[in-house]
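Chains, contacts and geometry: an overview
Okay, here's what each chain looks like letter by letter:
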Amino acid sequence: MTYGVANRDMSPAPSGAGGGADGIDIWSLLARVWARKWFVLLFVFAGVVLAYVAVGMVTPHYTGEVRILIEGRTADPTMPLSSQNVREADQQKIESEIQVLLSRTLADSVISALKLETWDEFSSSGGGLFGLGAKKAANRADVVDAYFKRLNVYQLGESRVIAVDFWAEHPRSAMIVANAIADLYVSGQLDAQVAVTRRASSWLDQQVEKLRGDVQTSEAAVESFRRKNGLFETNGNLLKTEELSELNTQLILASAAKAEARARLDGARALLNSPA
């Protein structure tokens with residue numbers, strides 16, 4: 001049996017004007033793109049505009065940081081469980097102070113002190129394109145919401161240091177607000193301590209006044225008793241005491257006179273009994 005073998009031409013096919021079915025004509029592609037150049041330019045321009053708008057809408061954030069050290073109590077070395085109790089008390093105090101820093105009262109104080117409702121960052125935009133319309137003064141509720149969204153208060157590890165972070169669109173604004181929070185917090189703590197001291201001082205004044213009244217009442221009762229019993233003071237001594245002292249002096253003088261008279265009598269008798 002005989003098999004025939006067909007020879008296959010492996011030489012490359014000649015490239016014609018169209019490049020063949022498998023080829024790519026660069027000039028033809030460029031011609032098509034050039035025919036649609038306005039569409040391509042419009043597409044590129046739209047992409048640039050959208051990128052510019054997207055970049056413009058991304059506002060940089062700057063964070064102002066403040067650290068507050070909370071004073072703790074000293075453990076008593078003579079009590080074995082004192083250290084654990086002190087640590088628990090310190091942790092509770094730190095958590096309480098964090099809540100104070102996050103309180104609405106402190107927020108209102110900061111907003112009022114800095115007048116944040118007049119800042120551009122806390123103003124609400126008008127209805128213009130992309131928020132570029134006229135600015136309107138934000139109401140109090142919006143300012144408070146923006147304030148708490150920018151505020152972050154937390155404990156640094158297991159230390160007694162509380163971190164206060166506040167971000168804003170400008171670094172100086174972030175630092176001003178963070179410092180104001182710390183200053184008003186410390187001022188509030190000092191005011192609270194002064195108030196406690198004043199209350200304690202007022203209570204002590206009341207107790208002193210009460211004791212003064214009790215002393216005056218007692219002195220009046222003693223004076224009344226003296227008058228009822230005929231006891232009067234002269235030169236710091238009671239009158240009856242002076243009378244006893246005077247009687248005692250008179251008794252001594254009388255005894256001395258008696259002794260002298262007896263001695264004279266004995267002398268006289270001795271003379272009478274003696275021989276002439």
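Presented here is a report on the structure given in the accompanying data block. (Residues numbered from 1 in each chain as written. Predicted model: local features only at pLDDT ≥ 70, side-chain atom pairs only at ≥ 80, totals over all residues. Heavy atoms only, no water.)

Things to note about the sheet that holds strand S2 (residues 151–155)
For clarity, the threshold we go by: For two strands to be treated as a pair, DSSP must find no fewer than two bridges joining them. Elements are defined by DSSP. Helices are runs of H or I of four residues or more, strands are runs of E of two residues or more, and each kind is numbered from the N terminus. Note on geometry: axes are lines fitted to C-alpha atoms, helical ones only across the stretch in contact, with angles between N-to-C directions running from 0 to 180 degrees.
In spatial order, the strands read S1-S3-S2; together these three strands make up an open sheet with antiparallel pairing. Every interior strand has two partners, whereas the edge strands, strand S1 (62–69) and S2, have only one. With strand direction ignored, the average angle separating the axes of adjacent strands in the sheet is 20°. Relative to strand S3 (residues 161–168), S1 is paired through eight bridges, and the arrangement is antiparallel. Paired with Arg67 across the two strands is Ala163, which belongs to S3.

Some words on the pattern of salt bridges
Quick note on the threshold: For salt bridges, the criterion is a side-chain nitrogen of Lys or Arg within 4 Å of an Asp or Glu carboxyl oxygen. Only protein chains enter the area calculation, which uses a 1.4 Å probe; residues under 20% of their type maximum are buried, those over 50% are exposed, and those in between are partly exposed.
Counted according to the given criterion, the structure contains seven salt bridges. The closest approach of N and O atoms between Arg67 and Asp165, which form a salt bridge, is 3.4 Å. Here Arg67, found in strand S1, pairs with Asp165, found in strand S3; they are 98 residues apart in sequence, far enough to count as distant. The partly exposed category is assigned to Arg67, whose relative accessible area is 38%. By relative accessible area, Asp165 is classed as buried at 9%. Three or more residues are tied together by salt bridges with common partners; here these are Glu65, Arg67 and Asp165.

Focus: the pairing of S2
The two faces of S2 differ: Leu151, Val153 and Gln155 on one face are buried, but Asn152 and Tyr154 on the other face are not. The turn linking S2 back onto S3 is made up of five residues, and Gly157 within it adopts a positive phi angle of 60°.

Some points on the pairing of S3
For S3, the buried fraction is high: six of the eight residues fall into the buried class. Pairing between S2 and S3: five bridges, direction antiparallel. Paired with Asn152 across the two strands is Asp165, which belongs to S3.

So, the side chain of Glu121
The following threshold applies: Pairs of N or O atoms within 3.5 Å make up the polar contacts considered here, provided that, within protein, one atom can donate a hydrogen while the other can accept it, and that residues adjacent in sequence are counted only when both atoms are side-chain atoms. Residue contacts are defined here by distance: any two heavy atoms, one from each residue, within 4.5 Å place the two residues in contact.
In this structure, Glu121 sits in the loop between helix H4 (104–114) and helix H5 (140–150). Only 3.0 Å separates the side chain of Glu121 from the backbone nitrogen of Glu169, close enough to count as a polar contact. In contact with Glu121, other than residues within four places in its own chain, are Arg150, Ala168, Glu169, His170 and Ser173.

Quick word on unusual backbone geometry
For Lys115, which is not glycine, the phi dihedral falls at a positive 55°. Considering the arrangement of structural elements, one finds Lys115 in the loop between H4 and H5. Residue classification places Lys115 among the exposed residues on the basis of a relative accessible area of 51%.

A look at the packing of aromatic side chains
To be explicit about the condition: Only the six-membered ring of Trp is used, alongside the rings of Phe and Tyr, when aromatic pairs are assigned; centres must lie within 6.5 Å, and planes under 30 degrees apart are stacked while those over 60 apart are edge-to-face, with the rest tilted.
Counting across every chain of the model gives three aromatic pairs. Taking 5.2 Å as the distance between ring centres and 85° as the angle between the ring planes, the aromatic pair formed by Tyr147 and Phe148 counts as edge-to-face. Here Tyr147 falls in the buried class, since its relative accessible area comes to 0%. Ring-pair connections join several aromatic residues into one group, and the members of that group are Tyr147, Phe148 and Phe166.

Considering a nonpolar patch on the surface
Inclusion rule: Patch construction takes residues with relative accessible area above 30% that form no salt bridge. Like charges are linked within 9 Å, and nonpolar side chains (Val, Leu, Ile, Met, Phe, Trp, Tyr) are linked within 5 Å. Residue exposure ignores everything except the shown protein chains as possible cover, and the areas themselves are Shrake-Rupley values with a 1.4 Å probe.
Residues Leu29, Val33, Phe39, Val40, Phe43, Val44 and Val48 make up a contiguous nonpolar surface patch of about 690 Å² in total accessible area. Residue assignment for the nonpolar patch shows that the elements contributing at least two residues are helix H1 (26–35) and helix H2 (37–57). Per-element accounting of the nonpolar patch gives the leading share, five residues, to H2. Structurally, Leu29 can be placed in helix H1. Judged by its relative accessible area of 46%, Leu29 falls in the partly exposed class.

Comments concerning the nonpolar core
Here is the rule we go by: Throughout this description, the term nonpolar core refers to a set of buried Ala, Val, Leu, Ile, Met, Phe, Trp, Tyr and Cys residues connected via side-chain atoms within 4.5 Å.
Leu101, Tyr147 and Ile181 are the most contacted members of the largest nonpolar core, which totals 28 residues. Sorting the residues of this core by element identifies S1, helix H3 (82–101), H4, H5, S2, S3 and helix H6 (171–228) as the ones contributing at least two each. Sorting elements by how many residues they give to this core places H6 first, with six residues.

So far we have only geometry, and geometry alone does not tell us how the molecule works.
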